[in-house]
Amino acid sequence: MVGATLFHRRKHSWPAEEFISRSTLQLLDFDCAAPPPHAWRRRLNCHANILKEFTITFREAIKMVRLGIRLWSYVREEASHGRKAPIDPFTKENCKPSASQGVPLGGMGSGSISRGFRGEFKQWQITPGTCDPSPMMSNQFSIFISRDGGHKKYASVLSPGQHGSLGKSRDKGLSSWGWNLNGQHSTYHALFPRAWTIYDGEPDPELKISCRQISPFIPNNYRDSSLPAAVFVYTLVNTGKERAKVSLLFTWANSMGGTSHMSGGHVNEPFIGEDGVSGVLLHHKTGKGNPPVTFAIAASETQNVNVTVLPCFGLSEDSSFTAKDMWDTVEKDGKFDQENFNSGPSTPSLAGDTICAAVSASAWVEAHGKCTVSFALSWSSPKVKFSKGSTYDRRYTKFYGTSPRAALDLVHDALTNYKRWEEDIEAWQNPILRDERLPEWYKFTLFNELYFLVAGGTVWIDSSSLNANGNSQHQQSGLGNSDGMAGGLDINDQRNDLANGNSVGVKSNDEVSAIHNRNGLFVDTRHVDDGDDVGRFLYLEGVEYVMWCTYDVHFYASYALLMLFPKIELNIQRDFAKAVLSEDGRKVKFLAEGNVGIRKVRGAVPHDLGMHDPWNEMNAYNIHDTSKWKDLNPKFVLQVYRDFAATGDYQFGIDVWPAVRAAMEYMEQFDRDNDDLIENDGFPDQTYDTWTVHGVSAYCGCLWLAALQAAAAMALQIGDKFFAELCKNKFLNAKAALETKLWNGSYFNYDSGASSNSKSIQTDQLAGQWYAASSGLPPIFEESKIRSTMQKIFDFNVMKTKGGKMGAVNGMHPDGKVDDTCMQSREIWTGVTYAAAATMILSGMEEQGFTTAEGIFTAGWSEEGFGYWFQTPEGWTMDGHYRSLIYMRPLAIWGMQWALSLPKAILDAPQINMMDRVHLSPRSRRFSSNFKVVKHKAKCFGNSALSCSC
């Protein structure tokens, strides 16, 4: 655990006073208008550099040429069917990624829109699996200020600079607006799910402006956290001697990003709602058979704030009311005609035309006075349609229905409930933010990395709509029945061949209830309506790797869901448990070798839940046959046990136990020499899918040891004592074998082969120990070996990588040179670095752990770094070039927080004594499995698809 004064010496600070004058902070110190003491900060005039993508070396290209050809053919084939391939390195976006991201908008799973730190709305992900990064420059907040006497007037878009995409300077489109903000005295402050933009005397030197962006991301609130809505609260402070008339303008295009605004058939409609909420609905007609979307922009009318709207204006010179006409109207009058509310729906737009809407909120701000103006945005896309036909209702429709006019109710509730949202957010965040033991960079980076749960392509659906799809995989396998079968074996079968002669059986329902009802021990699984099903949840591996719930990566990211939304985490595990017991015999061509296999093998944990038809067509990943991977099944067992122990949900444990047994039994085929330790098969058969492994590997071997412990502990608590004894025996034998083959006195060799990198120091080698310690299990090795290994990783992989300023490189030779066997061995993976840091913390090496993780902050989030804020990639090279932006694995930073604040249930977990075992003969140590052995001929990938360590 963290010592009371451990980090005082190293604490870094980015006080708001370095960005905003003290006087302005004092003026804004009410109604949450001032930015928080701990936040990620930038000036609005900060240069947003173009990000640099990684390139493979010539040697890597030669090794991967056959894979490249097959992948290119597969991408073309999918495109011919109107589908996107899950991995497509050949198609590049027209909008190059830049260091301009900020806190995204809305809750989880209902489509997302990001907002850059300079104010642009971008990164559109309304349709599942698609992401358009281009900003819509018509979507802006603007301000118009005039003083009594009329001798001081200001009109400006509240975003700096005239952007290159705005066209000619004298047209009647967006270039006619006042792009006058310099941004030198304006700053952005991010603490997800909120952000503050402070205009300290811009554009009016006598008006201080705070814009506070709020989204409903609220842990354990499974209702509001699903809402597609965001609020923007403007606080105005007049420091002048004259009162000022201020009009704030919110403009929005009828668009889902890209060129969708030009497709035609779009309609805008003004509305006057309850409680003074008024605005415009923008009904968007989508293409390619996708469900329609309705946006709503609105503001709250109060005694001092008058709201008017312009339902429709165009961006072309041929529009009946142009963007220039709209701007001139507000600049002259400060508002629109009140009669616009009675105009009704607009005429559907023509193809090639863009229609927009505007909401104006005007108020007088007295001299030395203050005023608050609130806007909101919502988008209602009630149906989720996947490209192979399955359609579901989003989670929020359970509360708002599927009508397009739900957008009106959403925007109304956002404006009337945001203060409660903020109270709940602060109650969640303040204990961490006020913990003086923690470095400041860690506090705000911890929360800001959660951006991925909104912007990472999440889908959250209502369970009833999933069950309505008759072809759903959830109609199969019958998980949830404690009489399920595991690998063809009845878990209630009496075992009489134990030395003590005891029989076994699962605990009774009364026993389960008694255990489950203990209070105060577990991760909180309660929420606003405890009897409500929380639905089903999907999130992408990344916006470039379009696969739902990629499980080998979820292994790292899942701590965030477990700590914040544990019922979602349990449902994801249930989905994979069902998948373990299923089989899909459809043929698939695997691109690495060009061989053909079946899509899903029974007993194997799937790589992912699919892409084009999740739950029904799993394993969208087709580079390798992942039924032969060695990490997925152990990761499943480890995650299930951790979640079982942390939540105390014994019914969950009983439900998934058949799948846990099946997953363990399946792995026995990979023990080639009967020493109870699994071997790798001479190809990249784990999450490092270009990094070849020969024989026993530290990474997979340690995962297997930890999984044996977890399975034994869970078996004892479920009541399957015979299986627990099997796992104990296997653990002790496998541990001895692994230490003999890999321990070299200071760390575990990469693998037991004879290749040039077999003695490499792998950052992730003790991932199994990370989970064992996180789950309250005994250490899988002696403490001295664990600390020695982690110290070696710190000294070499961390500190020899640009002095610890970039994170931990995946592979390092013992001579201090980076392992360049393949592109992944030479990369620095952000999530793996966080995981290594968590392992260090759990091993009593807090100082090393935070130094390790700080390298990711320095390289990715600091102003001196590479610009990866709110788009943290899978990894970067030694020169800072990224691979796969907006990636799932960096959520592993929450594994650090888990290590710092282990739940009482974990600390008080029943201790399993792995040394206390019944000795079994080699024959009786075998799992009695009905799974067919998967044969794989080990070979070098130098002449085929991927890297070779021969």
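- As annotated in an unreviewed UniProt entry, the protein is Non-lysosomal glucosylceramidase from Arabidopsis lyrata subsp. lyrata.
- We quote the UniProt Sequence similarities (unreviewed entry) comment for the protein here in full: "Belongs to the non-lysosomal glucosylceramidase family."
- What the UniProt record of the protein gives under Function (unreviewed entry) is the line "Non-lysosomal glucosylceramidase that catalyzes the hydrolysis of glucosylceramide (GlcCer) to free glucose and ceramide."

### Concerning the overall build of the protein
Moving on, step 1. Scanning the protein from terminus to terminus reveals 22 helices and 31 strands.
Moving on, step 2. In the protein, the share of contacts with a sequence separation of at least 24, taken over all contacts with a separation of at least 6, comes to 73%.
Moving on, step 3. Carbon and sulfur atoms form 49% of the exposed surface of the protein, whose accessible area is close to 31,500 Å².

### Focus on the sheet that holds strand β29 (residues 828-829)
Moving on, step 1. Strand order in this open sheet of 3 strands is β29-β30-β31, and the pairing throughout is antiparallel. Because the sheet does not close on itself, it has two edges, and the strands there are β29 and β31 (882-883).
Moving on, step 2. Where β29 and strand β30 (residues 875-876) come together, 2 bridges link them in antiparallel fashion. Note on β30: the bridge partner recorded for I828 is W876.

### Overview of helix α4 (residues 323-333)
Moving on, step 1. Three or more residues of α4 are buried, namely A323, M326, W327 and V330. For α4, the arc enclosing every buried residue in end-on projection is 95°, short of the 170-degree limit, so these residues lie on one face.

### Some remarks on the packing of helix α13 (residues 632-647) against helix α15 (residues 698-718)
Moving on, step 1. Where α13 contacts α15, the two axes come as close as 8 Å, and the packing angle between them is 45°. Overall, the two elements α13 and α15 adopt an arrangement that is oblique. Handedness of the α13/α15 crossing: left-handed. Counting all contacts with α13, which are made through P634, K635, V637, L638, V640, Y641 and F644, the residues of α15 involved are Y699, L703, W704, A706, A707, A710, A711, A713, M714, Q717 and I718.
Moving on, step 2. Grouping the constituent residues of the contact of α13 with α15 by class yields 16 nonpolar, 1 polar and 1 charged.

### Observations concerning the pairing of strand β9 (residues 229-238)
Moving residue by residue along a regular strand, the side chains alternate between the two faces of the sheet.
Moving on, step 1. Counted residue by residue, β9 has 10 buried out of 10 residues, so it is predominantly covered.
Moving on, step 2. In terms of strand pairing, strand β8 (residues 207-214) meets β9 through 8 bridges, oriented antiparallel. Following the sheet pairing, C211 is matched in β9 by Y234.
Moving on, step 3. Of the strand pairs in this sheet, β9 and strand β16 (residues 370-380) are connected by 9 bridges, and their pairing is antiparallel. The residue bridging V231 from the neighbouring strand is A376, located in β16.

### A few points about the pattern of salt bridges
Moving on, step 1. Counted under the stated rule, the structure contains 46 salt bridges.
Moving on, step 2. Here K324 makes a salt bridge to D328, at a shortest N to O gap of 2.9 Å. With a gap of 4 residues between them, K324 and D328 both fall in helix α4, about one helical turn apart.
Moving on, step 3. The salt bridge partner of K730 is D676, with a shortest N-O separation of 3.2 Å. Residue K730 is located in helix α16 (residues 721-742), and its partner D676 is located in the loop between α14 (650-667) and β25 (680-681); the two are separated by 54 residues in the primary sequence. D676 shares its class with K730; the two are buried.

### Observations regarding the side chain of T397
Moving on, step 1. Secondary-structure assignment places T397 in helix α5 (residues 397-400).
Moving on, step 2. Dropping the residues within four chain positions of it, T397 is found in contact with P382 and T402.

### Structural notes on the sheet that holds strand β13 (residues 293-300)
Moving on, step 1. With antiparallel pairing, 9 strands are arranged side by side in an open sheet as β1-β6-β7-β8-β9-β16-β13-β12-β11. Either end of the sheet is taken by a strand with one partner, and the two such strands are β1 (40-43) and β11 (267-272). Each neighbouring strand pair of the sheet contributes to a mean axis angle of 15°, computed without reference to strand direction.
Moving on, step 2. In this structure, strand β12 (residues 277-284) lies alongside β13, joined through 8 bridges in antiparallel fashion. Each residue of the ladder has a partner; that of V277, found in β13, is S300.
Moving on, step 3. Those strands touched by helix α7 (residues 440-448) are β1 and β6 (186-191), and its axis lies near 75° from that of β6.

### Here we look at the pairing of strand β24 (residues 596-600)
Moving on, step 1. Direction of pairing for strand β23 (residues 584-589) relative to β24: antiparallel, over a ladder of 4 bridges. Directly across from K587, in β24, lies its bridge partner I598.
Moving on, step 2. Where β23 folds back onto β24 in an antiparallel hairpin, the turn is made up of 6 residues, including G594, whose phi is positive at roughly 80°.

### Remarks on unusual backbone geometry
Moving on, step 1. In the segment running from F192 into P193, the intervening peptide bond is cis, with an omega of 10°.
Moving on, step 2. Within the fold, P193 resides in the loop between β6 and β7 (194-200).
Moving on, step 3. That bond from E202 to P203 is cis: its omega, -5°, falls within 30 degrees of zero.
Moving on, step 4. Along the polypeptide, P203 turns up in the loop between β7 and β8.
Moving on, step 5. We note that C549 has phi near 55°; this positive angle belongs to a residue other than glycine.
Moving on, step 6. Inspection of the secondary structure assignment puts C549 in the loop between β22 (536-539) and α11 (551-564).
Moving on, step 7. Classification of C549 as buried rests on a relative accessible area of 0%.
Moving on, step 8. For I886, which is not glycine, the phi dihedral falls at a positive 50°.
Moving on, step 9. Here I886 lies in the loop between β31 and α21 (893-900).
Moving on, step 10. For I886, a relative accessible area of 3% gives the class buried.

### As for the packing of aromatic side chains
Given two aromatic rings, their pairing is described by the distance between the two centres and the angle made by the two planes.
Moving on, step 1. One pass over the structure, following the stated rule, counts 71 aromatic pairs.
Moving on, step 2. Where F447 meets W894, the ring centres are 6.0 Å apart and the plane angle is 70°; that geometry is what we call edge-to-face. Of this pair, F447 sits in helix α7 while W894 sits in helix α21, and the two are 447 residues apart along the sequence.
Moving on, step 3. Exposure remark for F447: the relative accessible area of 0% places this residue in the buried category.
Moving on, step 4. Judged by its relative accessible area of 1%, W894 falls in the buried class.
Moving on, step 5. For the ring pair F866 and W876, a centre distance of 6.5 Å and an interplane angle of 55° mean the geometry is tilted.

What counts as what
Residues numbered from 1 in each chain as written. Predicted model: local features only at pLDDT ≥ 70, side-chain atom pairs only at ≥ 80, totals over all residues. Heavy atoms only, no water. UniProt positions renumbered as here; feature names shortened; annotations may be inferred. Helix = DSSP H or I, 4+ residues; strand = E, 2+ residues; numbered from the N terminus. Contact = heavy atoms within 4.5 Å. Areas by Shrake-Rupley, 256 points an atom, 1.4 Å probe, with all protein chains shown as cover. Pairing = 2+ DSSP bridges. Buried < 20%, exposed > 50% of the residue type's maximum accessible area, 1.4 Å probe, protein only. Arc of directions from axis to C-beta. Axes fitted to C-alpha atoms, helices over the stretch in contact; angles between N-to-C directions. Parallel < 35°, antiparallel > 145°, perpendicular 65-115°, else oblique. Left-handed = near helix turned anticlockwise from the far one by under 90°. Nonpolar A, V, L, I, M, F, W, Y, C, P; charged D, E, K, R; others polar. Salt bridge = Lys/Arg side-chain N within 4 Å of Asp/Glu carboxyl O. Phe/Tyr/Trp six-rings, centres within 6.5 Å; stacked < 30°, edge-to-face > 60°.

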